[in-house]
Amino acid sequence: MLVTRKILIQQRLMRWCALFLSLGTIIIIWRYISILILAVWLSSICRPVLEWLVNHLPLINRCREKSSRSAIAAFLLVFFGIVVIIPIVLIVIALTGSTLNFVASLSNSTTARNAINLLVPPINKNDNNSKESSSFNSTNNSFIDFIKGGKNATFNLLERLLIQRDTLTDVVQLFGGKALSVLSTVAGATAQFIIGILIFLVSTYTFLLQGVELWTWTVAHSPLSAKHMERFKDAFQETGRGLLIGVCLTCAVQGFVAAIAYLCLQIPRWYALGVLTGFCSLIPILGTAMVWIPITIGLFIQQAYLKAVIMIIVGVLAIGSIDNLLRPMFSKIGSLNMSTLLLLLTIFGGIELLGAWGALLGPLVVRLATEAVILVKEDEEQQEQNDVP
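What you are looking at is a predicted structure, and each value in this text was computed from that prediction instead of being measured.

Turning our eyes to something else, we now look at the overall build of the protein chain. Regarding its fold elements, the protein chain presents 14 helices and 0 strands. Listing each helix as α and each strand as β along the protein chain from the N terminus yields α-α-α-α-α-α-α-α-α-α-α-α-α-α. Put simply, the protein chain has 389 residues, and 33% of those count as buried. Accessible surface, the protein chain: about 24,300 Å² in total, of which carbon and sulfur atoms supply 68%.

Right under this line is the structure:
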């Protein structure tokens, strides 16, 4: 009796030990948890491509061992990095600071006329001088915001480092003794960025090759049943495919088409307006019209009637209809079982709580929570059916 009780106590202590060690592991890797989640999503999307290549490449039919699979996975990762990751990173670095500053200027506009003038600035003779002075002021303001610890300071300074050759000299001239601390902060942010990219690539490669084995081990050692784990897996993958393909890809295409239209119509800040249009496509009913309709009004005010008519045609037939054309197509690859209102709440709530990564973690947590509630209800109904004689 005493031996049995001692064994039970040891088992309970071991469970608590496993719980605390698991929590410690999560705390240690928490800084990169979003990168790992993104790597799992990407590997689950690319795994069918890997299997197809392994089964259909002529040179691989003779040898489908681990080395061949690893080589194909490495090729896929390098190809994806060159074609997708690097361009996206460069675009994000180039556009994030400008777009956020532009949105801040719009939010600070006191009247609708001032906001429209920001979207479509009035034409005057001193445009060139004003552009040069605004560029100089934006450079100085970005450095000042960096010293003050502004939210977009790191992105702005990295943008200046990539675009302007004389940035280092400007930093030394502006801040003197503080230049070293500024440059060390930029170096630290750059190092963290490189480490994040490295972890993402290695994680994606690992999950692409060993994802099935890792999941099998997780199911076998999880306190939850296999049924519950499989349902959580399906909800997890559904969220990833829905966000990356169904939501992000649709927004990116709409923003790209809108940016090209703004560029052809010679709208200033067309790149920032394109990003803003892509984000606004998430909003139901109004959507992209929240951007291109004020632009059209500004063109009418400037008496650019032809451009305004073209903007209306492009906005209705091209930008506005992309969602209706592409979303059903993308939904075959990945769709998110979540209402638009709940998706918006989880995205912006996640951003407010967790920063930029909250746009991914917010919908994921809510989707898993929804699945957990459904599983609890199903278990209760199953238990009631079993209790009925």
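The discussion continues.
A positive phi angle is found at Gln266, which is not glycine, with a value near 60°. Note on placement: Gln266 falls in the loop between helix 9 (226-264) and helix 10 (270-280). The exposed category is assigned to Gln266, whose relative accessible area is 63%.

This paragraph deals with the side chain of Thr204. With respect to the element layout, Thr204 can be found in helix 8 (residues 179-221). In this structure the side chain of Thr204 is engaged in a polar contact, spanning 2.7 Å, whose partner is the backbone oxygen of Phe200. Sequence-distant contacts of Thr204, that is, excluding residues within four places in its chain, are made with Ala39, Leu42, Ser43 and Leu77.

What follows covers the UniProt feature "transmembrane region" (unreviewed entry) in the protein chain. According to UniProt, the "transmembrane region" (unreviewed entry) feature falls on residues 16-42, 71-95, 182-208, 243-263, 270-293, 305-326 and 338-360. A helix fraction of 89% and a strand fraction of 0% characterise residues 16-42, whose end C-alpha atoms lie 34 Å from each other. The span residues 243-263 shows a helical share of 100% and a strand share of 0%, and its end C-alpha atoms are spaced 28 Å apart.

In this section: helix 14 (residues 358-387). Helix length check: helix 14 (30 residues) gives 43 Å between terminal C-alpha atoms against 44 Å at 1.5 Å per residue, within 8%. Where helix 14 is concerned, the buried positions are Gly358, Leu360, Leu361, Gly362, Pro363, Leu364, Arg367, Glu371 and Leu375. Check the buried side of helix 14 and you find it contacts helix 2 (33-56), helix 9 and helix 13 (340-354).

Under the criterion given, the structure shown has 4 aromatic pairs. Where Phe75 meets Phe79, the ring centres are 6.3 Å apart and the plane angle is 25°; that geometry is what we call stacked. With Phe75 and Phe79 both in helix 3 (residues 66-107) and 4 residues apart, this pair spans about one turn of that helix. A relative accessible area of 48% places Phe79 in the partly exposed class.

Quick look at the packing of helix 13 against helix 14 now. As a packed pair, helix 13 and helix 14 sit with axes 7 Å apart at the nearest point and diverge in direction by 125°. Considering their axes alone, helix 13 and helix 14 lie oblique with respect to each other. The way helix 13 lies across helix 14 gives a crossing that is right-handed. Touching Leu342, Leu343, Thr346, Ile347, Gly350, Ile351 and Leu354 of helix 13 are Gly358, Ala359, Leu361, Gly362, Pro363 and Val366, all from helix 14. Considered class by class, the residues forming the contact of helix 13 with helix 14 number 9 nonpolar, 4 polar and no charged.

Looking now at a negative patch on the surface. Together, Glu380, Glu381, Glu384 and Asp387 line one region of the surface with negative charge. Secondary-structure assignment places Glu381 in helix 14.

Attention shifts here to the pattern of salt bridges. Enumeration according to the criterion identifies 6 salt bridges in this entry. A salt bridge links Asp379 to Lys227; the nearest nitrogen and oxygen atoms lie 3.9 Å apart. In this pair, Asp379 is assigned in helix 14 and Lys227 in helix 9, connecting sequence segments 152 residues apart. Here Lys227 falls in the partly exposed class, since its relative accessible area comes to 43%. The structure contains a network of salt bridges with shared partners spanning Lys227, Arg231, Glu238, Arg367, Glu371, Glu378 and Asp379.

Take the nonpolar core next. In terms of nonpolar packing, the biggest core is built from 32 residues, with Ile37, Trp41, Leu50, Phe200, Leu243 and Leu343 touching the most fellow members. When residues of this core are traced back to their parent elements, those giving at least two are helix 2, helix 3, helix 8, helix 9, helix 13 and helix 14. Here this core takes 11 residues from helix 2, the largest share from any one element. When residues are assigned to domains, this core turns out to be shared by domain 1 (34-49 + 66-111 + 167-221) and domain 2 (224-384), each giving three or more. Filtering out sequence-adjacent residues up to four positions away, Ile37 remains in contact with Phe236, Leu361 and Leu364. Among the nonpolar cores identified, the runner-up in size contains 17 residues, and Val120, Cys280, Ala289 and Trp292 belong to it.

With that settled, consider helix 11 (residues 289-301). Taking 1.5 Å of rise per residue, 13 residues should cover 18 Å, and helix 11 covers 18 Å from first to last C-alpha, within 8% of that figure. When helix 11 is considered as a whole, its buried residues turn out to be Ala289, Val291, Trp292, Pro294, Ile295, Thr296, Gly298 and Leu299. Directly after helix 11, the chain includes Gln303, whose backbone phi takes a positive value near 65°.

Take the confidence of the model for the protein chain next. When pLDDT is averaged along the protein chain, the result is 75, and 69% of the positions lie at 70 or above. Of all helices and strands in the protein chain, the one with the weakest mean pLDDT is helix 5 (residues 127-148) (42), whereas helix 14 scores best (86). Contacts from residues 125-154, a stretch scored under 50 in pLDDT, to residues over four places away or in other chains number 28 contacts.

Attention now moves to the side chain of Ser44. Looking at the secondary structure, you find Ser44 in helix 2. Beyond its immediate sequence surroundings of up to four residues, Ser44 is in contact with Gln237 and Arg241.

Parameters and conventions
- Residues numbered from 1 in each chain as written.
- Predicted model: local features only at pLDDT ≥ 70, side-chain atom pairs only at ≥ 80, totals over all residues.
- Heavy atoms only, no water.
- Helix = DSSP H or I, 4+ residues; strand = E, 2+ residues; numbered from the N terminus.
- Buried < 20%, exposed > 50% of the residue type's maximum accessible area, 1.4 Å probe, protein only.
- Areas by Shrake-Rupley, 256 points an atom, 1.4 Å probe, with all protein chains shown as cover.
- Polar contact = N/O pair within 3.5 Å; in protein donor to acceptor, adjacent residues only side chain to side chain.
- Contact = heavy atoms within 4.5 Å.
- UniProt positions renumbered as here; feature names shortened; annotations may be inferred.
- Expected span 1.5 Å × (residues − 1).
- Phe/Tyr/Trp six-rings, centres within 6.5 Å; stacked < 30°, edge-to-face > 60°.
- Axes fitted to C-alpha atoms, helices over the stretch in contact; angles between N-to-C directions.
- Parallel < 35°, antiparallel > 145°, perpendicular 65-115°, else oblique.
- Left-handed = near helix turned anticlockwise from the far one by under 90°.
- Nonpolar A, V, L, I, M, F, W, Y, C, P; charged D, E, K, R; others polar.
- Patch = residues over 30% accessible without salt bridge, like charges linked within 9 Å, V, L, I, M, F, W, Y side chains within 5 Å.
- Salt bridge = Lys/Arg side-chain N within 4 Å of Asp/Glu carboxyl O.
- Lys, Arg positive; Asp, Glu negative; His and termini not counted.
- Charge placed at Lys NZ, Arg CZ, Asp CG, Glu CD.
- Core = buried A, V, L, I, M, F, W, Y, C linked by side-chain atoms within 4.5 Å.
- Domains from an automatic or database assignment.
- pLDDT = per-residue confidence, 0-100.

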